[in-house]
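Letter by letter, the chains look like this.
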Amino acid sequence: MSDVDPHSKYKIVISDCHLSAGRFFEGQLNPHEDFFFDEEMCEMFEYFSTGAYGDGPSGPVDVELFINGDYLDFLNVPYKGEFEDAITEEIALYKLEAIFLGHPKVMAAIRKFAAKPGKKVTYMVGNHDADLFFPKVRERIVREWDPNGSFPSEKVTLIADRDRVRWDNRVEVHHGNQFEAVHFLEFDKPVLQSYLDQPVLNIPWGSFYVLKIVNRLKWEREFLDKIRPVKLYIFFGMIFDPIFTLKYVFLSTLYFLKTRFVYSPKRRSSIRTTIEIVKQETSFFLDLEKQARGLLNTEADVKTVIFGHTHKPMDKIYPDGKQYINTGTWTKMINLDWHSLGQQYALTFALVKLPPNGESQCDLRQWQGVYSPHKSYRG
């Protein structure tokens, strides 16, 4: 991407950082914390709000930090030792405070970024941070990140009423979970009335799976939620780790049947959604590229689509000039497919330049550090 143009607008798009309650929580080592790059992230926020991206001769450069879902990971924070699936606003606020305490430097860095002239922060909900559907949770985040602790804020915006954002220069951003039935959020009915006499989150099967299966078994296999694709892991697990794998498959199947076919006031399920989940789960690889290309085909006004969700960074330009970017993750992953075999991490983000006149420029970048800040990601 070319040098900084003070007349253009810039978007820094990150997702799937999964900040939880910190390395130590409730007096012990926390196996549910997946984010270990606090210093690097603080450096990146500082870089994109100062220097060439700061306040120059032509005025402050317009830079928006766009957080595209699954940044704060509420599913990985226990509530008083338990992973509750009936999530009330009170429980969500408890988890939020735990995340703030677990990553104080990052919270301060976001607030410092938002305090700079021409800088703002936008956060769009994903499937691991559906707690943003609660109004008090959104207010608490805004007050934490706003330079003056204000609510409403001119510097911090939280989006929980839609699953996409489109910018004028033909760029559209989705978290990506809405293309998977297992993680689909009901934006028209995000909370349910329950036996608790309090609204509870209307979370999808995928969230129940994380809360009740993955988090329970991570004490035995801490890498369980980091392996992609899961179906290939099960295949090899039957050979090399059969006892644990059989338990994992049995519990997953049992809880799927329980949550999809047994009524409960704290969840909703439908036969149509259940069938779609089973259909998609029979697909060996699901990286959402097909869904992204389909969106580009149907939306003539969209040149670039940006997803997160899959934890698989990608920057693909098609023969017709259209582009699919997946911002990947800032957590360590174990990939079993031959394209990217092994344990790896890449601190990836999308850098989007929106000129006042003309086409957008979008690139998937990899953060390296203050001395050589970032480079194009090439897989």
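Look up a bit, the structure's there.
All values reported here derive from a predicted model rather than from experimental measurement.

Caption draft 1: Molecular detail of the pattern of salt bridges. Considering all chains together, one arrives at 15 salt bridges under this definition. Measuring nitrogen to oxygen at the nearest pair gives 2.4 Å for the salt bridge that ties Lys11 to Glu64. Within this pair, whereas Lys11 is found in strand β1 (residues 9-14), its partner Glu64 is found in strand β6 (residues 62-68), the two being separated by 53 residues in sequence. Just as Lys11 is buried, Glu64 falls in that class too. Residues Asp163 and Arg164 are paired through a salt bridge, measuring 2.9 Å at the closest nitrogen-oxygen approach. Salt bridges linked by common partners bring Glu97, Arg111, Arg140 and Glu144 together as one network.

Caption draft 2: Geometry of the nonpolar core. Core analysis: the biggest nonpolar cluster contains 78 residues, and Ile14, Phe45, Tyr71, Leu72, Val106 and Trp145 have the highest contact counts within it. Counting residues per element, this core draws most heavily on helix α5 (residues 205-217), at 8 residues. If we skip the residues at most four places from it in the chain, Val106 touches Leu19, Phe35, Asp38, Met41, Cys42, Phe45 and Tyr71. Counting residues in each nonpolar core, the second largest holds 17 residues, with Val171, Ile306, Val352 and Leu364 among its members.

Caption draft 3: Examining the sheet that holds strand β14 (residues 304-307) more closely. Strand order in the open sheet formed by 5 strands is β9-β10-β14-β16-β15, with mixed pairing between adjacent strands. Each of the sheet's edge strands pairs with one partner strand only, and the pair in question is β9 (164-167) and β15 (314-317). Averaged over all neighbouring strand pairs, the angle between strand axes comes to 15°, with direction disregarded. Note: β15 against strand β16 (residues 323-326), 4 bridges, orientation antiparallel. Across the sheet, Asp315 pairs through a bridge with Ile325, a residue of β16. Running at roughly 150° to β14, helix α9 (residues 289-298) makes contact with β10 (171-174), β14, β15 and β16 of the sheet.

Caption draft 4: Up close: the pairing of strand β7 (residues 119-124). Most of β7 sits inside the fold, with 5 of its 6 residues counted as buried. When β6 meets β7, the two strands line up parallel, connected through 6 bridges. By the bridge assignment for β7, Phe66 is matched with Thr122. As defined by bridge partners, β7 adjoins strand β8 (residues 156-159) across 4 bridges and the pair is classed as parallel. Paired with Val121 across the strands is Val156, a residue of β8. Handedness of the crossover joining β7 and β8 through helix α4 (residues 135-145) is recorded here as right-handed.

Parameters and conventions
- Residues numbered from 1 in each chain as written.
- Predicted model: local features only at pLDDT ≥ 70, side-chain atom pairs only at ≥ 80, totals over all residues.
- Heavy atoms only, no water.
- Salt bridge = Lys/Arg side-chain N within 4 Å of Asp/Glu carboxyl O.
- Helix = DSSP H or I, 4+ residues; strand = E, 2+ residues; numbered from the N terminus.
- Buried < 20%, exposed > 50% of the residue type's maximum accessible area, 1.4 Å probe, protein only.
- Core = buried A, V, L, I, M, F, W, Y, C linked by side-chain atoms within 4.5 Å.
- Contact = heavy atoms within 4.5 Å.
- Pairing = 2+ DSSP bridges.
- Axes fitted to C-alpha atoms, helices over the stretch in contact; angles between N-to-C directions.
- Right-handed = clockwise from strand over helix to strand, strands pointing away.

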